[in-house]
Amino acid sequence: MATNDTRLTVTEFDFDEVKTKIVWFIEGEKEINYCALLSESILEGNYKKFYFDNEEIYGVTAGSVYPQLWIRDASTAVPILRHLYKNNELVSWIIAHLSIQSDKGELQDWIMENNKTGKNTTESDQETSLIIAAYDVSKTIGYTWLNKKLNAKLILSRLEDALEFLFLHKLDKEHGLIKSGHTADWGDVSNEYFDERAVDLQPNSTEVVGIYTNSLVYSAITKLSYMFSRAGRNKKSYYWDVKGLEIFNNIQKHLWQQSQGFFLTHINLNSIPHTGFNENMIFPMGGNAIAIEAGVANSKQTQSIFKKAISLQNYYSQSTISGSLLPPYPNNYFKHPIMDEMYEYQNGGQWDWFGGRFVLQMFKNNNKQAFLKAKEICKKTMLNNNMYEWDDINGRGRGSARYSGSSAAISRMIIEGIFGIEWTLDKIVLTPRLTMKSGYIYIPNVANDEFLSYEYKNLVSINKHILLIELSFGSNAKAKKEVHLFTKIHDYVISEIIFNGRILNFNINDLKSIVFLDTDTGVLQITYNKP
C-alpha cells in the first residue's frame, strides 16, 4: 500500500464518541467493534421522513449521494431496521411503493419526495425485493398488516400481483426463468450504451436469464408462499410452492456449472458474441451469494462456491472476499464510463453490500474461514473510516459514502453470523460462533418494546485440556428461545452443559446441541474437553 495512505489505522478511533441502540463487542477485535458504531449511525443517518402522495413516509435512502428510496437497497436494510423502528416506520415505504403499482402489477424502482419516481428497467429485482422486505418486516411486527386493503385490494394480493407481473411479462419460456438486461451480475448498467440509456432496456437490448434475478425470484416465491400460509390461504401457498419448484429446477438445470463449481452469471438470449474471453469463467459473487441465501444452492454446491470465492480472492490479490466479478469483463466491454475499466464499479469492484451477505452464509454453513473474511471486511471499513458503495482493488472507498447496503450487510454478518442471532416473532435462536473469543451483544426490538442481550465468556482454565465457556443471557421477548451450541470447538469436544445449576442431557453425535430456555434470564456453563 502506498506510503501516502491517509486512512485511519486500527488504533485511532474513539469508541466513546458514538452512542447506538445495537451494541456489540468482541475482545481483541477492534475492527469488528468499530463496525458496530459506524453501521448503525449510517443507517439512522440515511433514514428519512418525507411526504409522498400527501402521506408521511419513512424509509432508508441508499447513501450520501442518493436521495431516492430504492426498493432493493431498502430491502437489504430491513433485517437491521426492523430492530430500530416502530411498525409504521417499517411499512410506510412498502405501502407507498404498492400505492403506485401499475394495473399489470409492475413496481417502480425508487420514490422520493414531491412524488418523484423512476425505474431502471435493465433490472427485474424490484418486485421480488419488495416481497422479501414485506416478509422480513412481518417477522418482527406480525402478518396482520398484510390483510389490510390498499386501494380496494389486500396488501398481500398486491405483493402477489407484483410477482405475477414477472411471470406474465418477463418469463423466458425456453428456460423457464425470468429475464433481465445484460448487466454485470446484479448490476443495473448494461454493456450497450455510454449514457443514461445504459440503465434502461431499449428496443434492441440484449436480454439474459441470470442467477441473481432468479435466485431472488425463488426467494420471493418461498416467502410469499409462507405469508399466504400464515393468512390461512393454503391453496395460494401451494400454487406458489409449485412455481417455486419449477424455478428451482430450472436454475439448477441451466445455470449451475459443475465444471466451474459455481452458478453462471447468465445465459445470453440474443447470442451476442464475446471476443477474447469466456464469460462462463467469470465468477459472479453477488448472484452466488443470493443463491446460497435463497436456498437455491445445495450444501455441496455451497461449499464449492465458498472454495471458488476464496481462491479467486487470493489469486487476484483482493483485500476482501467482496470482489463482485472475478475476473472482470475486459476494458471497454462496458461502454458507460462509470465501469468501462476492469475492477471499476460493478465490473469487479469490491462490494460489501454483497460480500457481507456472502460471509454471513459462510458462517451459517460452518465455513472455517468465515471469521477471517469478516475481519478483513471490517478492517477495510475501518481504514476507510466509512462504509462505501464500493471499493477499488486496493480497498479504497469509491462511490457513495455512508452506503446503506454495505452497512446493513456488514451488520447482519456480525449480528447473525458471529453472534448467531435469529430473531422472529415466534422464536429466538442463539448460535454463538465466537468459539474461544469473549464478547457481548445487546439488540432491541423497538416495535415490540423488547430486547435481547448475551455475554459469552471464555473462562481461562489452568488445565489446557479443558475449555470453559459461560453464556449469560437476558431478554423480555415473548418468543420461544433456544441456544444451539457447537459440540466441537477446535480440538475440544463438549462434555457437560449446566443451565441455571441443572446438568442437561445432550447428544454429542450432533453437530450442535440444542438447549431450550424456559426463562428470560439465565446462565449456561459449557465444558469442553480435549481428547
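Only a predicted model underlies this, so the values are computations on that prediction, with no experimental measurement involved.

Caption draft 1: Molecular detail of the overall build of the protein. Along the backbone of the protein there are 12 helices and 29 strands. Relative to the globule expectation of 24 Å for 531 residues, the C-alpha radius of gyration of the protein, 23 Å, shows essentially globular dimensions. Its C-alpha atoms give the protein principal-axis dimensions of about 70 × 60 × 45 Å. Looking at the protein residue by residue over its 531 residues, the buried ones come to 60%.

Caption draft 2: Looking closely at the environment of D510. With respect to the element layout, D510 can be found in the loop between strand 27 (502-503) and strand 28 (512-517). In the structure, D510 is positioned 24 residues away from F486 in sequence and 8.5 Å away in space, judged by C-alpha atoms.

Caption draft 3: Region of interest: the sheet that holds strand 4 (residues 69-70). With respect to topology, three strands assemble into an open sheet ordered 4-5-6, the strand pairing being antiparallel. Every interior strand has two partners, whereas the edge strands, strand 4 and strand 6 (116-118), have only one. With two bridges joining them, strand 4 and strand 5 (residues 110-112) adopt antiparallel strand pairing. Bridge assignment links L69 to a residue of strand 5, and that residue is I111.

Caption draft 4: Region of interest: the packing of aromatic side chains. In this structure the tally under the stated criterion is 31 aromatic pairs. With centroids separated by 5.1 Å and ring planes inclined at 80°, the aromatic side chains of F262 and F283 adopt a geometry described as edge-to-face. Here F262, found in strand 13 (residues 262-263), pairs with F283, found in strand 15 (residues 283-284); they are 21 residues apart in sequence, far enough to count as distant. Residues F473 and F499 carry aromatic rings whose centres are separated by 6.2 Å and whose planes lie at 20° to one another, so their mutual orientation is stacked.

Caption draft 5: Quick look at the pattern of salt bridges. Considering all chains together, one arrives at 25 salt bridges under this definition. Here E106 and K119 are joined by a salt bridge, their closest N and O atoms 2.9 Å apart. Of this pair, E106 sits in the loop between helix 3 (87-99) and strand 5 while K119 sits in the loop between strand 6 and helix 4 (126-141), and the two are 13 residues apart along the sequence. K119 gets classed as buried once you look at its relative accessible area, which sits at 15%. With a closest N to O distance of 3.6 Å, R412 and E293 form a salt bridge. Of this pair, R412 sits in helix 12 (residues 404-418) while E293 sits in helix 8 (residues 285-294), and the two are 119 residues apart along the sequence. The partly exposed category is assigned to E293, whose relative accessible area is 30%. Members of the salt-bridge network, linked through shared partners, are R72, D109, D125 and D188.

Caption draft 6: Representation of the sheet that holds strand 28. The mixed open sheet is built from four strands, whose spatial order is 19-20-24-28. Because the sheet does not close on itself, it has two edges, and the strands there are strand 19 (421-423) and strand 28. Here the strands of the sheet are splayed against their neighbours by 15° on average, with no regard to which way each runs. Here strand 24 (residues 480-486) runs beside strand 28; their pairing, made up of six bridges, is antiparallel. Bridging from a neighbouring strand, F486 pairs with K512 of strand 28.

Caption draft 7: Spotlight on the environment of K170. By the secondary structure assignment, K170 is in the loop between helix 5 (155-169) and strand 9 (171-172). Separated by 10 residues in the primary sequence, K170 and S180 place their C-alpha atoms 7.6 Å from one another.

Caption draft 8: Spotlight on the confidence of the model for the protein. On average, residues of the protein score 94 in pLDDT, and 96% of them are at 70 or above. Here residues 1-19 scores under 50 on pLDDT; set against residues more than four positions off or in separate chains, the count is 30 contacts.

Caption draft 9: Highlighting the packing of helix 4 against helix 5. Where helix 4 meets helix 5, the closest approach of the two axes is 9 Å, and the angle between their N-to-C directions is 150°. Comparing the axis directions of helix 4 and helix 5 gives the class roughly antiparallel. By crossing handedness, the relation of helix 4 to helix 5 is classed as left-handed. Between helix 4 and helix 5, the contacting residues are E127, T128, L130, I131 and A134 on the first element and L159, A162, L163, F165 and L166 on the second. Its residues assigned to classes, the contact of helix 4 with helix 5 shows eight nonpolar, one polar and one charged.

Caption draft 10: Region of the structure containing the environment of F25. Note on placement: F25 falls in strand 1 (residues 23-26). Note on F25: relative accessible area 34%, which makes it partly exposed. In this structure F25 touches N33, F419, S438, G439 and Y440, once residues within four positions along its chain are discounted.

Caption draft 11: Structural context of the side chain of K223. Residue position: K223 is located in helix 6 (residues 211-230). Buried and unpaired, K223 has D136 as its nearest opposite-charge partner, separated by 6.0 Å. Within the structure, K223 has its side chain in polar contact with the side chain of S219 (distance 3.0 Å).

Caption draft 12: Quick peek at unusual backbone geometry. With an omega of -10°, the peptide bond between L326 and P327 qualifies as cis. Examined against the element boundaries, P327 turns out to sit in the loop between strand 16 (325-326) and helix 10 (352-364). Of note, D185 is a non-glycine position whose phi angle comes to about 60°, a positive value. Among the secondary structure elements, D185 is positioned in the loop between strand 10 (177-181) and strand 11 (207-210). Assessed through its relative accessible area of 8%, D185 is described here as buried.

Conventions adopted
- Residues numbered from 1 in each chain as written.
- Predicted model: local features only at pLDDT ≥ 70, side-chain atom pairs only at ≥ 80, totals over all residues.
- Heavy atoms only, no water.
- Helix = DSSP H or I, 4+ residues; strand = E, 2+ residues; numbered from the N terminus.
- Rg over C-alpha atoms; globule rule 2.2 N^0.38 Å.
- Buried < 20%, exposed > 50% of the residue type's maximum accessible area, 1.4 Å probe, protein only.
- Pairing = 2+ DSSP bridges.
- Phe/Tyr/Trp six-rings, centres within 6.5 Å; stacked < 30°, edge-to-face > 60°.
- Salt bridge = Lys/Arg side-chain N within 4 Å of Asp/Glu carboxyl O.
- Axes fitted to C-alpha atoms, helices over the stretch in contact; angles between N-to-C directions.
- pLDDT = per-residue confidence, 0-100.
- Contact = heavy atoms within 4.5 Å.
- Parallel < 35°, antiparallel > 145°, perpendicular 65-115°, else oblique.
- Left-handed = near helix turned anticlockwise from the far one by under 90°.
- Nonpolar A, V, L, I, M, F, W, Y, C, P; charged D, E, K, R; others polar.
- Lys, Arg positive; Asp, Glu negative; His and termini not counted.
- Polar contact = N/O pair within 3.5 Å; in protein donor to acceptor, adjacent residues only side chain to side chain.

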